[in-house]
Amino acid sequence: MPFAPGGTTDILGRMVAAGLASVLRQPVVVESKPGQAGSVGSAELARAAPDGYTIGGGTISSHAINVSLYRSLPYDPLKDFAPITILATLPNMLIVHPSLNVGSVRELVALLKANPNKYSFGSAGNGTSQHISGELFKIMTGTQMQHIPYKGSGPMIPDLLAGTLQLSFENITTAYPQVKGGRLKALAVTSAKRSFVAPEVPAMAEAGLAGYDISSWQAMFAPAGTAKEIVSRLHVETAKILRSPENQTKLAQLGLDGGGIAPEELAALIRAEIPKLGKVVRDSGAKVD
């Protein structure tokens, strides 16, 4: 898994690993390889033997955003992997520390405009959907904030709760429990429509940012060159795991829409997302050494 323990990628990876261990009658060990918005772990997966014994998670960050953000990416998201399936899709949630004393997106925008670069937003790393959600927000509102990247949501959330960071565009899976617990405040979700898991939280468009729409996705890959029969078996079994009644309930509780699409559909999604998200990166001026 190319992100730190505690985030959405890790949660989904462990769910699928447990299911695969049962149906394939093989032990499935989860290894966390965080760094550079999923690039470190993805590069390792790309170099692995294409024998079906090494598979990995990948996200909108590692396989769609990073190619535009990093000057030199150690893998090609289209050529170096055999797509297996989408594990889940989810919106991010704009959450703020209560000390900001804002109750809406409009109030936050007014605060940020009055205090350029005074406040910081945290993300799970440069190039993550959380980072790009924040950059798109800055573009559309004309505001300025400092971006603080982490190696995953797990390390970022404690700093947000402590007030070291003031806001984040965090995955709804890890953001909403903090909102329900009263420790953080939700202002909007980043998808075009409200999320079924938090129907009381408006979408960005409702909050005044028409056209704002970024939904994150989590996927599974094998190294390029993996036999089609192996990819097909992994796709079929993973789709069954995701659609089991028990896991459907877990996914819904986490605010996730379960996946299971065919490998060809995942490949097509990546081809469409790279230029779309690349434009956001270029327009924002975001750069990573």
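All values derive from a computational prediction rather than experimental measurement.

Topic: empty space enclosed by the protein
Then step 1. Per the stated rule, a full pass over the model turns up one cavity of 30 Å³ or more.
Then step 2. Around the largest cavity, the lining is made up of 18 residues, and of these F3, T9, A124, Q130 and N171 lie nearest the centre.
Then step 3. Where the lining of the largest cavity is concerned, the elements lending two or more residues are α1 (8-24), α3 (60-69), α5 (129-141) and β7 (215-223).
Then step 4. Here the element with the most residues in the lining of the largest cavity is α1; it accounts for three residues.

Focus: the pairing of strand β3 (residues 120-123)
Then step 1. A two-sided burial pattern is seen for β3, the buried positions comprising S120 and G122 on one face and F121 and S123 on the other.
Then step 2. Across four bridges, the pairing between β3 and strand β4 (residues 146-149) is parallel. When the bridges of β4 are listed, F121 appears paired with H147.
Then step 3. Handedness of the crossover joining β3 and β4 through α5: right-handed.
Then step 4. Relative to strand β5 (residues 167-171), β3 runs parallel, the two sharing two bridges.

Let's talk about the environment of Q26
Then step 1. You can see Q26 is positioned in the loop between α1 and α2 (39-47).
Then step 2. Along the backbone, Q26 and Y53 are 27 residues apart, and their C-alpha atoms lie at a distance of 9.9 Å.
Then step 3. Setting aside its immediate chain neighbours within four residues, Q26 contacts A21 and Y53.

Description of the side chain of T190
Then step 1. Its place among the elements puts T190 in the loop between β6 (185-189) and β7.
Then step 2. Engagement of the side chain of T190 in a polar contact is seen with the backbone oxygen of I214, the distance being 2.6 Å.
Then step 3. Excluding residues that lie within four positions of it along the chain, T190 makes contacts with P91, N92, M93, S133, F169, M204, Y212, D213 and I214.

Points about the environment of I11
Then step 1. Mapped onto the elements of the fold, I11 is located in helix α1.
Then step 2. Considered as a pair, I11 and M1 are ten residues apart in the sequence and their alpha carbons are 9.8 Å apart.
Then step 3. Filtering out sequence-adjacent residues up to four positions away, I11 remains in contact with G6, T173 and L254.

As for the packing of aromatic side chains
Then step 1. By the definition in use, this model includes four aromatic pairs.
Then step 2. Between F137 and F169, the aromatic rings sit 5.4 Å apart at their centres with planes inclined by 55°, giving tilted as the arrangement. Placement of the pair is F137 in helix α5 and F169 in strand β5, with a sequence separation of 32 residues.
Then step 3. Taking relative accessible area as the criterion, F169 reaches 0% and is therefore assigned buried.
Then step 4. Aromatic rings pair up to connect Y75, F81 and F221 into one cluster.

Digging into the environment of P34
Then step 1. Turning to its location among the elements, P34 is positioned in the loop between α1 and α2.
Then step 2. Classification of P34 by relative accessible area gives partly exposed; the value is 27%.
Then step 3. Separated by 91 residues in sequence, P34 and G125 place their C-alpha atoms 9.5 Å apart.
Then step 4. Once you skip the residues sitting within four places of it in the chain, P34 turns out to touch M1, P2, F3, A4, V40 and K151.

Points about unusual backbone geometry
Then step 1. Residues other than glycine seldom take positive phi values, yet Q36 does so here, at roughly 50°.
Then step 2. Mapped onto the elements of the fold, Q36 is located in the loop between α1 and α2.
Then step 3. The backbone phi angle of A37 is positive, close to 55°, even though this residue is not glycine.
Then step 4. Owing to a relative accessible area of 3%, A37 belongs among the buried residues under this scheme.

Rules behind the numbers
- Residues numbered from 1 in each chain as written.
- Predicted model: local features only at pLDDT ≥ 70, side-chain atom pairs only at ≥ 80, totals over all residues.
- Heavy atoms only, no water.
- 1 Å grid on protein atoms, 1.4 Å probe; cavity = no way out; pocket = protein on both sides within 12 Å on 5 of 7 lines; lining within 4 Å.
- Points joined across faces, edges and corners; volume = space filled by probe spheres on them.
- Helix = DSSP H or I, 4+ residues; strand = E, 2+ residues; numbered from the N terminus.
- Buried < 20%, exposed > 50% of the residue type's maximum accessible area, 1.4 Å probe, protein only.
- Pairing = 2+ DSSP bridges.
- Right-handed = clockwise from strand over helix to strand, strands pointing away.
- Contact = heavy atoms within 4.5 Å.
- Polar contact = N/O pair within 3.5 Å; in protein donor to acceptor, adjacent residues only side chain to side chain.
- Phe/Tyr/Trp six-rings, centres within 6.5 Å; stacked < 30°, edge-to-face > 60°.

By themselves, these are just geometric observations and shouldn't be taken as functional.
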